[in-house]
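Coordinate analysis (summary)
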Amino acid sequence: MTRKQRRLTMIGGSLAVLAIAAALVLNAMRDSIVFFSTPTMAAEKQIPPGKRFRLGGLVQPGSLVRGDNLAVNFSVADGSATLPVAYKGILPDLFREGQGVVAEGALDASGVFRADTVLAKHDETYMPKDVADALKKQGHWKDDYGAKPGAPAASAPVQGASK
Amino acid sequence: MIAEAGHYALVLALGLALIQSTVPLLGARWGDHALMNVARSTALAQLLFVAASFTALVMLHVVSDFSVVNVFENSHSMKPLLYKITGVWGNHEGSMLLWVSILALFGGLVAAFGNNLPLSLRAHVLAVQGWIAAAFYLFILVTSNPFLRIASPPIEGRDLNPVLQDIGLAVHPPMLYLGYVGFSISFSFAVAALIEGRIDAAWARWVRPWTLMAWIFLTLGIAMGSYWAYYELGWGGWWFWDPVENASLMPWLAGTALLHSAVVMEKRNALKVWTILLSILTFSLSLLGTFLVRSGVLTSVHAFATDPARGVFILLILCLFIGGSLSLYAWRASALKQGGLFAPISREGALVLNNLFLTTACATVFIGTLYPLALEVVTGDKISVGAPFFNLTFGPLFVPLMAAMPFAPLLAWKRGDLLGAAQRLTAAGIAALIAIALLWAWTRGGATFAPLAIGLAVFVIAGALSDLADRTALFRAPLVTAMARARGLPRATWGTAFAHAGVGIALIGIVCETTWNSEYIGSMKPNDVAKVAGYQLKLDGVTQRQGPNFREMIAQFTVSLDGETLRVMTPSKRNFTTRGSSTTEAALLTRGASQLYVSLGETNAEGAIAVRIYHKPLVLLIWWGPVLMAFGGLLSLSDRRLRVGAPKPAKAARALQPAE
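All figures in this text were calculated on a predicted structure; none of them were measured in a lab. (Residues numbered from 1 in each chain as written. Chains lettered and ligands numbered in written order. Predicted model: local features only at pLDDT ≥ 70, side-chain atom pairs only at ≥ 80, totals over all residues.)

Description of the overall build of chain B
Condition: Numbering of helices and strands starts at the N terminus; helices are DSSP runs of H or I of at least 4 residues and strands are runs of E of at least 2. C-alpha atoms define the radius of gyration, and 2.2 Å times the number of residues to the power 0.38 defines the globule rule. Whether a residue is buried, exposed or partly exposed is read from the other C-beta atoms within 10 Å of its own C-beta, which are placed from the backbone; 20 or more gives buried, 12 or fewer gives exposed, and intermediate counts give partly exposed. Throughout, a pair of residues is in contact if the C-beta atoms placed from their backbones lie within 7 Å.
Within chain B, the secondary structure is distributed over 22 helices and 11 strands. For chain B, whose C-alpha radius of gyration is 27 Å, the value lies close to the compact-globule estimate of 26 Å for 660 residues. By principal-axis analysis of the C-alpha atoms, chain B measures approximately 85 × 75 × 60 Å. In chain B, buried positions account for 53% of the 660 residues. In chain B, 74% of the contacts between residues at least 6 apart in sequence involve partners at least 24 apart.

Now the structure itself:
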């Protein structure tokens, strides 16, 4: 093989790998990206039952009901709308009424959000960033969240529970 | 007084870094030896002053001087001494000070042990280190000074975030920083080579030990962070594809590629331009990681926009160094001579393939990490790119990489014999097929994917072992000969085998943990028994205890297997009064490489406690793998070839010294 042919082989091989990677990325982008909504946004967008999304907001005070076998029901509110959430499992340490929460799952036919993951963020203010941003945008958030960015030094500041 | 001294030492270190970043360059330009040697003394002096500054901050934390903002916000007089010290880098300001201290440490090491480097190269390398150091000193002094005082000192501090009060997280950031910042050396070498317009095999030989050292620390740092998340966050996950984790994974992937391409450059004088680019990219990704974690951009794009001082400063540093070095690369790279020729099927070809897959995998992580940020800035849409994205992209790219891994060490340089290599891997292939068949029979059509993945892992491990067996002529020659040959084998060869086997071992752990993990989640009252994977866990009772700065609720479980009592496990839940937050302390029972994992949830009104019990088969392999990789790296680092370094210019004085 001449130098040129060798170089062509190399470049061809690299392009092939890059093309495969691009295809993988695009494919994964289509299937595995989850959008974030607050109860208000969920109502506006009319998200169909079964479509996964992340629901964020504040846990409505007084809405937490514990059932048998670690079943939990609570409502997520964002000031103008609320959405009932059903979850089964152990809630993260930082979960509490009146505090921010992010749940991942989908709506069922009766309009209840069936969560399979509940996340709470480790931070002095107990406010997941998506929730804080959304609430700020809607004008329901006064405290200056994020005045001290990056308080925890390193890995995985998100704590969650999933079943 | 201590605070002011520390602050002053930091300012002096900045001054020294500024001298270090200019004077040696002029010296190199004018060919003035005295000026070039300024680099050495300033690098050492800079290390001295920044070390003094760091020590001052540690002292302030140890004596709990709450008149300093940093101590007040992150410490508490009741905190155990260990966490008073480690709390120094558990916050933004302190961790940035640690970052520059490690940078100065590496600069100092090059200055102290770089006597065999050509004078002008050393001057250039240290000058580039000086630029980086100066930029970060400025950052600390302008936006995140850890020595600021409070006008009216409070009596008590606010305490460190309780999840950070843990030995795993105490050691994790320094390890990670040693890795991140260690790559600054290969970056400085690359930029110096571009400035000088000269690069050869000897360059690769100087750079490789530094890269290897940084890589070892980064590997261990990532593994430790993962283990910390596993036992401290209380739900048994060990990798979340969280942006903060990805920030450390990206330099690791690029650094691994760099290690391999530097081998080609050292042995064959090829891939020079690519190796330089990788050196620049690896450190750029380290800087990006620092930016992502430290600017607050991950906490919230809006937090970044409302408190931009720090973020914009790091972003500027990022643009300056990445943009500057890449422009220099574009301008000067063509001046570097092309190296040796090789056929696509050869050791070089295999290492190129390795680089291709590693950098592509790195690029997918990069996209997955930054795409949500970019989208939020551009359209305002919020999305989360989670584990499914990375499993679908990163996974498929790693499969061919691992399948090709055992072949590379068996191929010859320049022109390899793929068929011959395949023949020598027959034993490994058979071992892999047996493993697949056995697992298939055992799980009987359960998971189809897992046996294949384990087969791949077995192939990688057996391939690494058969390479060793091949080189030592084990089974072919008498044992004595094999032993002699094993001793004669370069340590780097052993290192390669261990590191490659480590990858396979980690894969086995990952597959077993995700596929055959069994769990029990439920609420238990005293004397209730939970059954998980054949183990019986009886809840004996719950007790309360007062710790130094927390209250603790401890549950006691008696674990038995087939009626035989094994041990008592005591998971707990700690409540930190100062911050009003609680942490879950999981209890672990290790059986071989498998673990039983118990963590507690909340207690309900009837006194039942929510309990999460996992049986995680072979989970420890996930971390033994990286440890083995790091061990392989260490063996490689101790290789005679790397210790002796590049050919030294013959000097009379040197000849009199005892042999190394």
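As for the packing of helix α1 (residues 3–32) of chain A against helix α13 (residues 347–378) of chain B
For any two helices packed against each other, the geometry is given by the interaxial angle and the distance between the axes. Formally: Orientation is described by axes fitted as lines to C-alpha atoms, over the contacting stretch for helices, and by angles from 0 to 180 degrees between their N-to-C directions. Any angle between 65 and 115 degrees counts as roughly perpendicular, while under 35 counts as roughly parallel, over 145 as roughly antiparallel, and the rest as oblique. Helix crossings are classified by the rotation of the near helix relative to the far one: an anticlockwise turn of less than a right angle makes the crossing left-handed, while a clockwise turn makes it right-handed. Only Asp, Glu, Lys and Arg are considered charged in this grouping, and only Ala, Val, Leu, Ile, Met, Phe, Trp, Tyr, Cys and Pro are considered nonpolar; every other residue, Gly among them, is considered polar.
Where α1 of chain A contacts α13 of chain B, the axes come no closer than 10 Å and their chain directions differ by 30°. Between α1 of chain A and α13 of chain B, the crossing angle belongs to the class labelled roughly parallel. Here α1 of chain A runs over α13 of chain B; the crossing is right-handed. Residues Met10, Ser14, Val17, Leu18, Ala21 and Val25 of chain A of α1 of chain A pack against Val352, Leu356, Phe357, Thr360, Ala363, Thr364 and Ile367 of chain B of α13 of chain B. Class assignment of the residues belonging to the contact of α1 of chain A with α13 of chain B gives a composition of 10 nonpolar, three polar and no charged.

Concerning the environment of leucine 8 of chain A
Secondary-structure assignment places leucine 8 of chain A in helix α1. Linking leucine 8 of chain A and valine 102 of chain A, residues 94 residues apart in sequence, is a C-alpha distance of 50 Å.

A short note on helix α8 (residues 201–232) of chain B
Residues and elements named next belong to chain B. Put simply, the rule reads: Under the convention used throughout, the expected extent of a helix is 1.5 Å for every residue step, that is, one less than its residue count. The angle between axes fitted to the seven-residue stretch ending at a residue and the seven-residue stretch beginning at it gives the bend at that residue.
Helix length check: α8 (32 residues) gives 46 Å between terminal C-alpha atoms against 46 Å at 1.5 Å per residue, within 8%. A bend of about 30° at valine 207 is the largest found in α8, and the proline proline 209 appears one to four places after it. The element α8 is extensively covered by neighbouring structure, given that 26 of its 32 residues are classed as buried. One or two positions beyond α8, positive phi appears at glycine 234, with a value near 80°.

Points about the nonpolar core
We apply this condition: When buried Ala, Val, Leu, Ile, Met, Phe, Trp, Tyr and Cys residues are joined through C-beta atoms within 7 Å, the set is termed a nonpolar core.
Formed by 191 residues in total, the largest nonpolar core has its most connected members in Val100, Leu103, Phe136, Tyr137 and Leu253 of chain B. With residues near it in sequence (within four places) discarded, leucine 253 of chain B still touches Leu358, Ala361, Cys362 and Val365 of chain B. Counting residues in each nonpolar core, the second largest holds 26 residues, with Phe53, Phe74, Ala77 and Leu107 of chain A among its members.

Thoughts on unusual backbone geometry
Most peptide bonds take the trans configuration, and most residues that are not glycine carry a negative phi. A positive phi angle, near 50°, is found at glutamine 46 of chain A, a position not held by glycine. Here glutamine 46 of chain A lies in the loop between α2 (39–45) and β2 (53–59). On the basis of neighbour count, glutamine 46 of chain A is assigned to the exposed category, with 6 C-beta atoms found within 10 Å. Even without glycine at this site, leucine 271 of chain B takes up a positive phi of about 55°. Here leucine 271 of chain B shows up in the loop between α9 (243–268) and α10 (272–294).

Some points on the sheet that holds strand β11 (residues 609–616) of chain B
All names here are of chain B. To be explicit about the condition: Should DSSP find at least two bridges between two strands, the strands are regarded as paired.
The sheet built from four strands is open, its strands ordered β2-β11-β10-β9 with antiparallel pairing. Of all strands in the sheet, those with a lone pairing partner are β2 (518–524) and β9 (587–591), marking the two edges. The mean angle between the axes of side-by-side strands here comes to 15°, regardless of whether they run parallel or antiparallel. In this structure, strand β10 (residues 594–603) lies alongside β11, joined through seven bridges in antiparallel fashion. Across the sheet, the residue bridging to leucine 600 is valine 611, located in β11.

Some points on the pairing of strand β5 (residues 82–88) of chain A
Residues and elements named next belong to chain A. Alternating positions in β5 separate cleanly, Leu83, Val85 and Tyr87 being buried on one face and Thr82, Pro84, Ala86 and Lys88 remaining unburied on the opposite face. Bridge count between strand β4 (residues 71–77) and β5: seven bridges; the pairing is antiparallel. Considered in β5, the bridge of alanine 77 is made with threonine 82.

So, the confidence of the model for chain A
Detailed reading of the predicted coordinates is not advisable wherever pLDDT falls low. The criterion, for reference: On a range of 0 to 100, pLDDT expresses the predictor's confidence in each residue.
The predicted model of chain A averages 75 in pLDDT, with 72% of residues at 70 or higher. Element-level pLDDT for chain A is lowest in strand β8 (residues 158–162) of chain A, with a mean of 48, against a maximum mean of 90 in β5 of chain A.

Overview of the environment of proline 400 of chain B
All names here are of chain B. Locating proline 400 in the fold gives a position in helix α14 (residues 387–404). The partly exposed category is assigned to proline 400, around which 14 C-beta atoms lie within 10 Å. A sequence separation of 56 residues divides proline 400 from leucine 456, and the C-alpha atoms of the two residues are 9.9 Å apart.

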